[in-house]
Amino acid sequence: MSENMEKSPELSSLPDDVTIEIVARVPISQYPTLNRVSKSFRKLIASPTLYERRSQLGYKEHRVYAVLRNPNTHDDFGFYILHRKVGCSNRLVIAGSLDHMSYDGIYVSVGSKVYGFSDLNALSIDCTSHTVQPISHIPQVMTIRVANVIDKKVYLIGGSYFPVGSWDTWKSEVTVFDTETQSWEPKLVKEDMHVGLGPLRYDSVVMEGKVYVKGGSKDDSFVYEPEERKWELMDEVLSSKAWKGACVVDNVLYYHDCPGKVLMAYDPKQMCWSVVNGLEEFLAVETAHSIWSAAVSYGEKKLALFFLKKYDGKNVICCAEIALERRQGGDILGKMESCDVVIENGLFDIVEFVSVTV
């Protein structure tokens, strides 16, 4: 480690390299606690050397972050981390603030960073140090509908209205931000596709190297193939469900059907929907009055399901950790490993949940 750390007494007898070797083996879920121990630990936790060593050791963990907005100020955005203290339940803990972002901002993760894009600006968040840096914004104005990541490139899909005679016509657009070169690629405009113009229930995911964009109807749901820069209609089976707040785990799409109170799964190879078994009673009770939910990939064969509910007369956000097991014949079994109230005060608007590998 190149910088000299101001060591706390308990570390004063250890060389910096030895300290890194020890802390690199500590579960990253405990880093927020270590960060509060001393100034030397704060420097260590923010050091790229620590995460390089973790990577060399093969220690990679999946973390979930949330972007929440204060509804009273409308422009006060907080960046929260899902954190489990030893012997305690999961909580969403504030990790920093996001200035100058708008309510319609979109967030995606690439490696250990989260990228945020809005009509106002664009930024990156280093999830090892929780520092925020601005990045160059989209060269040309466009209304961003969805954002997805393939091979370290962020694909922003939206569009703009263009005047044609006495009418304005919508042209769908794709613009790409390369996170390795930190540069924008030329925008692709498609005049006859109306991606994302349906009701505000649309969503998008990546499966098998393609971006699937769900609109409000089957005629407004599309698939984008980046390599061939090709657009096509989504198959009728996948577009038949009003999926929202979905995630992909091991190349299967999952979403919580709030009215049906079941967890649904779509297998692109079999091109069919199925109900995830084993969660029916839990979801029927816990999400009985939930008006929204969001599923987030939480590593291999696991997802985190966030949902809103009433608890002691207050609006709270709950998080259920669900393990997934594929049985012979294609059936999928879900097992609820934990369910916690992660925020209690109700003073929030949900913007986005993002899964990050650190």
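Calculation criteria
- Residues numbered from 1 in each chain as written.
- Predicted model: local features only at pLDDT ≥ 70, side-chain atom pairs only at ≥ 80, totals over all residues.
- Heavy atoms only, no water.
- Phe/Tyr/Trp six-rings, centres within 6.5 Å; stacked < 30°, edge-to-face > 60°.
- Helix = DSSP H or I, 4+ residues; strand = E, 2+ residues; numbered from the N terminus.
- Buried < 20%, exposed > 50% of the residue type's maximum accessible area, 1.4 Å probe, protein only.
- Salt bridge = Lys/Arg side-chain N within 4 Å of Asp/Glu carboxyl O.
- Axes fitted to C-alpha atoms, helices over the stretch in contact; angles between N-to-C directions.
- Parallel < 35°, antiparallel > 145°, perpendicular 65-115°, else oblique.
- Left-handed = near helix turned anticlockwise from the far one by under 90°.
- Contact = heavy atoms within 4.5 Å.
- Nonpolar A, V, L, I, M, F, W, Y, C, P; charged D, E, K, R; others polar.
- Pairing = 2+ DSSP bridges.
- Core = buried A, V, L, I, M, F, W, Y, C linked by side-chain atoms within 4.5 Å.
- Domains from an automatic or database assignment.

Asker: I would appreciate a short explanation of the packing of aromatic side chains in the present structure.
Answerer: Considering all chains together, one arrives at eleven aromatic pairs under this definition. For the pair phenylalanine 117 and tryptophan 184, a centre-to-centre distance of 5.9 Å together with 75° between the ring planes defines the contact as edge-to-face. Pair noted here: phenylalanine 117 is in strand β5 (residues 113–117) and tryptophan 184 is in strand β11 (residues 183–184), with a separation of 67 residues, a long-range link. Phenylalanine 117 sits in the buried class, given a relative accessible area of 0%. Judged by centre distance (5.5 Å) and plane angle (80°), the rings of tyrosine 255 and tryptophan 273 are edge-to-face. Here tyrosine 255 is found in strand β18 (residues 252–257), whereas its partner tryptophan 273 is found in strand β20 (residues 272–275), with 18 residues between them in sequence. With respect to class, tyrosine 255 is no different from tryptophan 273; both count as buried. Aromatic ring contacts, followed pair by pair, group Tyr115, Phe117, Phe177 and Trp184 into a single cluster.

Asker: Would you take a moment to explain the pattern of salt bridges for this structure?
Answerer: If charged atoms from side chains of opposite charge come close, those side chains can pair. Taken as a whole and assessed by the stated rule, the structure comprises twelve salt bridges. Across the salt bridge formed by lysine 302 and glutamate 337, the nearest N and O atoms sit 3.2 Å from each other. Pair noted here: lysine 302 is in strand β22 (residues 302–311) and glutamate 337 is in strand β24 (residues 332–343), with a separation of 35 residues, a long-range link. Judged by relative accessible area, which is 45%, glutamate 337 ranks as partly exposed.

Asker: Honestly, the packing of helix α1 (residues 16–24) against helix α4 (residues 48–57) in this entry has me stumped. Any pointers?
Answerer: In a pair of packed helices, the angle between the axes and the distance between the axes together describe the arrangement. It is the contact of α1 with α4, at a shortest axis distance of 9 Å, that shows an interaxial angle of 60°. On the basis of their axis angle, the class for α1 and α4 is oblique. Classified by chirality, the crossing of α4 by α1 is right-handed. Of α4, the residues touching α1 (which contributes Ile20, Glu21, Val23 and Ala24) are Thr49, Leu50, Arg53, Arg54 and Leu57. The residue makeup of the contact of α1 with α4, split by class, is five nonpolar, one polar and three charged.

Asker: Is there a simple way to think about the sheet that holds β18 in this case?
Answerer: Strand pairs in the sheet, formed through backbone hydrogen bonds, run parallel or antiparallel to each other. An order of β17-β18-β19-β20 is seen for the four strands of this open sheet, with the pairing classed as antiparallel. Edge positions in the sheet fall to β17 (247–249) and β20, since each of these pairs with one other strand and no more. Along the sheet, successive strands turn relative to each other by an average axial angle of 35°, direction set aside. Judged from the four bridges that link them, strand β19 (residues 262–267) and β20 form a sheet pairing that is antiparallel. In the sheet register, alanine 265 faces β20, and the bridge partner there is serine 274.

Asker: What's the story with the sheet that holds β5 in this structure? I'm lost.
Answerer: On the basis of which strands lie adjacent, the open sheet formed by four strands has the order β4-β5-β6-β7 and antiparallel pairing. Unpaired on one side and paired on the other, β4 (106–110) and β7 (131–134) mark the two borders of the sheet. The mean inter-strand angle of the sheet, taken between neighbouring strand axes irrespective of direction, is 25°. Pairing between strand β6 (residues 122–126) and β7: four bridges, direction antiparallel. Looking at the pairing, isoleucine 125 lines up with valine 132 of β7.

Asker: Looking at this structure, I do not really get the nonpolar core. What am I missing?
Answerer: Among soluble globular proteins, nonpolar side chains are generally buried collectively. Formed by 27 residues in total, the largest nonpolar core has its most connected members in Val23, Tyr31, Leu50, Phe79, Leu98, Tyr107 and Val114. Both domains that furnish three or more residues to this core are identified here as domain 1 (13–59) and domain 2 (105–240). In this structure phenylalanine 79 touches Tyr65, Ala66, Val67, Val93, Ile94, Ala95, Gly96, Leu98, Val114, Ile125 and Cys127, once residues within four positions along its chain are discounted. Among the nonpolar cores identified, the runner-up in size contains 21 residues, and Val252, Leu279, Phe307 and Val341 belong to it.

Asker: Would you explain unusual backbone geometry in this entry?
Answerer: Across the chain, the bulk of peptide bonds are trans and the bulk of non-glycine residues have phi less than zero. Positive phi outside glycine occurs at aspartate 151, with the angle close to 50°. When you line up the elements, aspartate 151 lands in the loop between β8 (143–150) and β9 (153–164). A positive phi angle, near 55°, is found at glutamine 182, a position not held by glycine. In this structure, glutamine 182 sits in the loop between β10 (167–178) and β11.

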